[in-house]
Amino acid sequence: MAEPNRLDGGRIDRASPLTFSFDGKTFAGYRGDTLASALLAANVKLVGRSFKYHRPRGILTAGSEEPNALVGLHRGARHDPNARATTVELHDGLVAVSQNRWPSLAFDVMAVNDVLSRFLTAGFYYKTFMWPKRFWEKFYEPAIRSAAGLGALSGEPDPDRYDTGFLHCDLLVVGGGPAGLAAAMTAARSGARVILADEDFVLGGRLNAETVTLDGEPAAVWLRRALDELHAAHNVRLMPRTSVFGAYDHGVYGALERVADHLAVAPAHLPRQVLWRIRSRRAVLCAGATERPIAFANNDRPGIMLAGAMRAYANRWAVAADRTVAVFTNNDDGHRTASDLLARGVSVAAVIDARPDAHAQGNYELHRGAIVENTRGRKALTSVDVRRADGSRVTVPCGALGVSGGWNPAVALTCHQRGRPSWDASLAAFVPGADLPPGMAVAGAANGSFSTHAALQSGADAASHALAELGFEAPAAALPLAEDAPVRIQAFWHVASGKGRTWLDFQNDVTVKDVGLAVQEGFRSVEHVKRYTTLGMATDQGKLANTGAIAALADLTGRGMGETGTTMFRPPWTPVPIAAFAGRSRGKDFRPARLTPSHDWAAEQGAVFVEAGLWLRAQYFPRPGETHWRQTVDREVRAVRQAVGVCDVTTLGKVDVQGSDAAAFLNMIYCNGFSKLPVSRVRYGLMLREDGMVMDDGTAARLADDHFVVTTTTANAALVYRHMEFVRQCLRSDLDVQLVSTTEAWAQYAVAGPHARALLAGIVDPPFDLGDDAFPYMACAELTVCGGVTARLFRISFSGERAYEIAVPACYGDSLIRVLMQAGAPHGVTPYGTEALGVLRIEKGHPAGNELNGQTSPAHLSMARLVSTKKDSIGAVLSRREGLSEADGLRLVGLEAMDGETALPAGSHLFAPGRPHDPGHDEGWITSAAYSPHLGRSIALAFLARGDSRLGETIEIANPLQGQTLRATVVHPVFIDPEGTRLHG
Amino acid sequence: MIIPHPLLGPRDAREFVYLGDAALLDRPDGLAADADRLFHDYLYLRDNPAGIHRELWFHEHGDRSWLVVTRDTVTHAILKAELAGDVARKRRANG
């Protein structure tokens, strides 16, 4: 529980002490700590193992760029791998464990990789695991995957809730440091709607980490006032703990808000995280800058960290990285760390500055023109080897080393729409290029304006400019007086001398030598070097490593930094859990479920449901004693053939077509003719795509001269409606016709079987005449049922039996199914589901989704003669293409199994008996198959080459997946009642 | 992406379904003598420009309008959005 490295002061809440555990050991901290700051306070330096070599690693940064200190949080299903300890807000009872080590962090068996490292250089797996080839999938890859890697998921369903939402604003300010605060205050005063988002849990950015003054007072004083003003403004939404991770088209930004991660016990009503889509008219990017390391031998030991992070830990969290520290820098910023730590009573052993002309900014030993050549200490730094300007060497004992290689403006979001940063030699940094996402401006350190004054000024200016474009008046805000120190830096990337590996990418274990190897093997493009070495491909996306790697590559290829360029920046800026993208769309809420009006009734009957697109449909209705679904389905099919059955067909798409040109419109969308269809009659319609393939089929009922009701298949309802609107609006805007989808407005039931008319006679209101003369096959009518309920009746049949479809407004659907069952009881009515529906239509040879799969022409269905040549209709011309209509092409046929009950598996391919079962002899395939209770044998529909001229032939059916060969007789696809006597009653 | 719907104002692109080149508006006459050649060209010969492109979007989760959207495929900037019905009527009026 001791905190040997805790200092006085800081911005932590000492009145709120907390306890947490790391690898099972209990530690203390305070509200306001991160996991990293609390571990450092307890002098825990070893926090992780590297990805490939399992090198001991410590905390390197104080922000979201952290590559080393990745930990697993929480127990059980809530376990959250790869959390960056530097951004984890400490709460009471937090449980954290280290990763990628076995059996323990201090003793990790896989550290043997480090000894073997000369065999594991860049691209080693491309070269090493080549032979034998089949070992890759079975052995090498699983072995490599289990040896490498970071944290593991729990494998259990995530118990937390996530949400997604939209936000709108005039100005989005990304980043709440001095630039962002100045921008937000300027905008707030103009009355514009402002969102200020920052990934940190406190706003203020580096103002929290520095000892700078504003208007002569500590920065905290001004910061308090600024935040009070913003909190009080009704037009400002402050969003701490919110990472803006991507800049998308047209001013849309993606942001992840961590709503409850910092709470020991989250209230039940709060989601854990929210994924926001922020639509902004303008944005100011004030994302600050990320410090970068210098590469030198063994620069990855625990205790070596970025100088700015070391300073942040001291100033914000009152934590010394160690009681004795040293600093290695190439710019003035490293000296700030030395003087701030000195001021807090930490011993500064030395400042090693690569610049020969460096000036000390405090009372510490300065080695000018010096470099760090090596470091010592396996699990924690003990000393650094310094080579001084005169070539002499000195060993500096220290427990921590702050390194500053300069600062990289956080340009990522400026590049999300193909922009590229440009190299600024005076800053030794890539700065935002000219090609920013539309509506975005950049201010502060993100734009290379590194001083506090420049950050405040540029933030305010960028906001004023953006607001003026939007027509807001934004009076210039009075900005506080602040330091305006120039950037003094001498580019210095890596130490060439020294023994030992010099690390660039800490997370993926890539060294300067690996980049050299890539160049030696012919890679020049920065994108190729990235992929060959895996540099920048870890969860930190090279935030620290990239610039150093580009410098190494530039050096080796004799090009400048700008010419070498950066790799492409892509979203997200920091990792976003998939769960946040999913939000509430998971489990049964993954997509909406559409229920038919008879759903509750069907559930009461014990129906088994099946998904049909978004719909849930009753698949079959098992009765007590039925042990296999086939028993149920056979019973339902027989009931339709012998008595009467009722099936909910509400899900079929329905489109109401009205207007004086309605018939002309149908003539356009269907390949067969509709203008001569009389009122009160229904016609089958075949709908083609423009390329001549069948899109869908259905019926059109003419209720009046200018009024049709079109039906579509369940699966294609949306597609067909879209297509019909396309034809109406884009191709035939000359026609007087209107469309509306009424699929959900009408509940519709098929009433099928010899007793169908008798059943309906019990519910239709007089004087409606159901007699076959008044209401023959393919008739339709509007009528009332059950004493006044509006209804539509269609005499159409999918089963081949005398059948009707009756539709009532959806609100009567539940009542109607109950009435139908009651009225049908004396006639032996049986409800049937989609499975029996499928058997009935296969017996009758009706094509459905399996046959109309988008690769079927009318000729394949033997329906070419339906395609009218007397009119123009969609798809007619190209349906007649030679390749689609050739005489020896595929034709729809029926198959009857020769050995009776053995199922003919759909998807099996067809061969002439005795011919080899190979693609060269393939003659077709089975599309739909069923057991026919009517015929007492298995049957199928199939596409067979020249099928229409092969009736009576024997065909061999190959099902190689199950090693099965069957035989069947080729028959006409209509297995039952080809003359249609049952249909007409 | 945000699509500026001519009737409904700016709408999220996810409300729309994309079809493709607005050249589909210029459907040939199916009864023409060389209809097969005309339809081949109509259906299969499309431009795929890097730059300004006129394309058809359907407001499926909205008012069911087909729109002709003029978009720069390089920058995704949307320059114009019109009702496809208006565009088709105008073309017919202009012969």
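What counts as what
Residues numbered from 1 in each chain as written. Chains lettered and ligands numbered in written order. Predicted model: local features only at pLDDT ≥ 70, side-chain atom pairs only at ≥ 80, totals over all residues. Heavy atoms only, no water. Helix = DSSP H or I, 4+ residues; strand = E, 2+ residues; numbered from the N terminus. Buried < 20%, exposed > 50% of the residue type's maximum accessible area, 1.4 Å probe, protein only. Contact = heavy atoms within 4.5 Å. Areas by Shrake-Rupley, 256 points an atom, 1.4 Å probe, with all protein chains shown as cover. Lys, Arg positive; Asp, Glu negative; His and termini not counted. Charge placed at Lys NZ, Arg CZ, Asp CG, Glu CD. UniProt positions renumbered as here; feature names shortened; annotations may be inferred. Phe/Tyr/Trp six-rings, centres within 6.5 Å; stacked < 30°, edge-to-face > 60°. Lys NZ or Arg CZ within 6 Å of the ring centre and 35° of its normal. Pairing = 2+ DSSP bridges. Axes fitted to C-alpha atoms, helices over the stretch in contact; angles between N-to-C directions. Left-handed = near helix turned anticlockwise from the far one by under 90°. Nonpolar A, V, L, I, M, F, W, Y, C, P; charged D, E, K, R; others polar. Salt bridge = Lys/Arg side-chain N within 4 Å of Asp/Glu carboxyl O. Domains from an automatic or database assignment. Patch = residues over 30% accessible without salt bridge, like charges linked within 9 Å, V, L, I, M, F, W, Y side chains within 5 Å. Buried area = accessible area lost by both parts, 1.4 Å probe. Polar contact = N/O pair within 3.5 Å; in protein donor to acceptor, adjacent residues only side chain to side chain.

A. Spatial organisation of the overall build of chain B. Looking only at helices and strands, chain B features two helices and six strands. In chain B, the order of α-helices and β-strands from amino to carboxyl end is β-β-β-α-β-β-β-α. Principal-axis analysis of the C-alpha atoms gives chain B an extent of 45 × 30 × 25 Å. A burial count over chain B gives 44% of its 95 residues as buried. Across chain B, the fraction of contacts at a sequence separation of at least 24, relative to all contacts at a separation of at least 6, is 47%. Split by element, the accessible area of chain B, about 5000 Å² in all, is 54% carbon and sulfur. Charged side chains of chain B number 13 positive and 15 negative; the gap between the two group centres comes to 4 Å.

B. Up close: the UniProt feature "domain: Aminomethyltransferase C-terminal" (unreviewed entry) in chain A. Per the UniProt record, "domain: Aminomethyltransferase C-terminal" (unreviewed entry) is found at residues 891-977 of chain A. Annotated as residues 891-977 of chain A, this span is 0% helix and 48% strand, and its ends, taken at the C-alpha atoms, are 20 Å apart.

C. Looking closely at the packing of aromatic side chains. Residue and element names in this part refer to chain A. For the structure shown, the criterion picks out 20 aromatic pairs over all chains. Taken together, a centroid distance of 6.2 Å and an interplanar angle of 50° make the contact between W423 and W493 tilted. Here W423 is found in strand β26 (residues 422-424), whereas its partner W493 is found in the loop between α9 (452-470) and β29 (503-505), with 70 residues between them in sequence. Assessed through its relative accessible area of 24%, W423 is described here as partly exposed. Judged by its relative accessible area of 15%, W493 is buried. Cluster of aromatic residues (ring-pair linked, three or more members): F245, Y248 and F581. In this arrangement the basic side chain of R237 is found over the ring face of W276, its NZ or CZ atom lying 5.2 Å from the centre. In this arrangement the basic side chain of K543 is found over the ring face of W573, its NZ or CZ atom lying 4.3 Å from the centre.

D. Representation of the environment of C647(A) in the model. Residues and elements named next belong to chain A. The topology assignment puts C647 in strand β34 (residues 644-648). The buried category is assigned to C647, whose relative accessible area is 2%. Separated by 29 residues in sequence, C647 and A618 have C-alpha atoms that sit 8.7 Å apart.

E. Broad picture of the sheet that holds strand β37 (residues 694-704) of chain A. Residue and element names in this part refer to chain A. Across the sheet, which stays open at both edges, the five strands sit in the order β36-β37-β38-β35-β39 with antiparallel pairing between neighbours. Only two strands of the sheet have a single neighbouring strand rather than two, namely β36 (681-688) and β39 (738-741). Between one strand and the next, the sheet's axes are offset by a mean angle of 25°, whatever the strand orientation. Where β37 lies against strand β38 (residues 707-712), four bridges are found, and the strand directions are antiparallel. Bridge assignment links A701 to a residue of β38, and that residue is V709. In the packing of helix α18 (residues 717-731) onto the sheet, the strands contacted are β35 (653-658), β36, β37, β38 and β39, and the crossing angle to β39 comes to about 165°.

F. The arrangement of the packing of helix α17 (residues 662-669) of chain A against α18(A) in detail. Residues and elements named next belong to chain A. Packing of α17 against α18 brings their axes to within 11 Å, and their N-to-C directions diverge by 115°. Viewed along their axes, α17 and α18 form a crossing whose handedness is right-handed. Residues F665, M668 and I669 of α17 touch α18, and the partners they reach there are M724, V727 and R728. Class assignment for the residues of the contact of α17 with α18 results in five nonpolar, no polar and one charged.

G. Spotlight on the pattern of salt bridges. All names here are of chain A. If you walk through the whole model with that rule in mind, you get 69 salt bridges over all chains. R6 is the partner of D33 in a salt bridge, and the nearest nitrogen-oxygen pair spans 2.6 Å. In this pair, D33 is assigned in the loop between β2 (25-31) and α1 (35-41) and R6 in the segment before β1 (13-22), connecting sequence segments 27 residues apart. Looking at D33, the relative accessible area reads 0%, which means it is buried. In this structure R6 comes out as buried when scored by relative accessible area, which is 10%. In this structure, R641 engages E843 in a salt bridge whose closest nitrogen and oxygen atoms are separated by 2.6 Å. Note that R641 is positioned in helix α16 (residues 629-642) and E843 in helix α21 (residues 834-844), a separation of 202 residues in sequence. Considered together, R641 and E843 belong to a single accessibility category, that of buried residues.

H. Focus on the UniProt feature "domain: SoxA A3" (unreviewed entry) in chain A. Following the UniProt record, one finds the feature "domain: SoxA A3" (unreviewed entry) at residues 499-583 of chain A. Taken as a whole, residues 499-583 of chain A contains 46% helix and 6% strand, while its terminal C-alpha atoms sit 50 Å from one another.

I. Molecular detail of the environment of V274(A). Residue and element names in this part refer to chain A. If you trace the backbone, V274 turns up in strand β15 (residues 273-285). A residue is classified by how much of its surface remains accessible, and V274, at 7% relative accessible area, is buried. Distance from V274 to A579, taken between C-alpha atoms, is 9.6 Å for residues 305 residues apart in sequence. In this view, V274 contacts D163, T164, G165, A255, L256, E257 and V259; residues no more than four positions away in its chain are not counted.

J. Fine view of the domain arrangement of chain A. By the assigned domains, chain A splits into domain 1 (1-152), domain 2 (162-289 + 409-470), domain 3 (294-404), domain 4 (631-840) and domain 5 (886-983). Using only C-alpha atoms to locate each centre, domain 3 of chain A and domain 5 of chain A end up separated by 81 Å.

K. Structural detail: the pairing of strand β43 (residues 803-809) of chain A. Residues and elements named next belong to chain A. The buried fraction of β43 is high, at six of seven residues. Where strand β40 (residues 746-752) and β43 come together, seven bridges link them in antiparallel fashion. Among the inter-strand pairings, A747 is bridged to a residue of β43, identified as V808. Sheet analysis places strand β42 (residues 789-794) next to β43, joined by three bridges and oriented antiparallel. Along β43, the bridge assignment pairs L793 with I806.

L. Quick look at a nonpolar patch on the surface. Judged by side-chain polarity, W102(A), F107(A) and V109(A) come together as a nonpolar surface patch covering roughly 370 Å² of accessible area. Looking at the element boundaries, V109(A) is found in the loop between β7 (94-98) and α2 (112-115).

M. Seen up close, the interface of chain B and chain A. The interface is formed by 36 residues belonging to chain B together with 32 residues belonging to chain A. Among the residues chain B hides against chain A, the three largest losses belong to R27(B), R64(B) and W66(B). Together they make up 24% of the total. Of the charged contacts in the structure, one is a salt bridge between E60(B) and R722(A), with a shortest N-O distance of 2.8 Å. Put simply, chain B and chain A have 14 residue pairs in polar contact (both at pLDDT 80 or more) between them. Looking at the side of chain B that touches chain A, the elements with two or more residues in it are β2 (9-12), β3 (17-21), α1 (35-44), β4 (52-58) and α2 (84-93) of chain B. Element by element, the count of residues in the side of chain B that touches chain A is highest for α1(B), at seven residues. Across the side of chain B that touches chain A, the residue classes tally to 21 nonpolar, six polar and nine charged.

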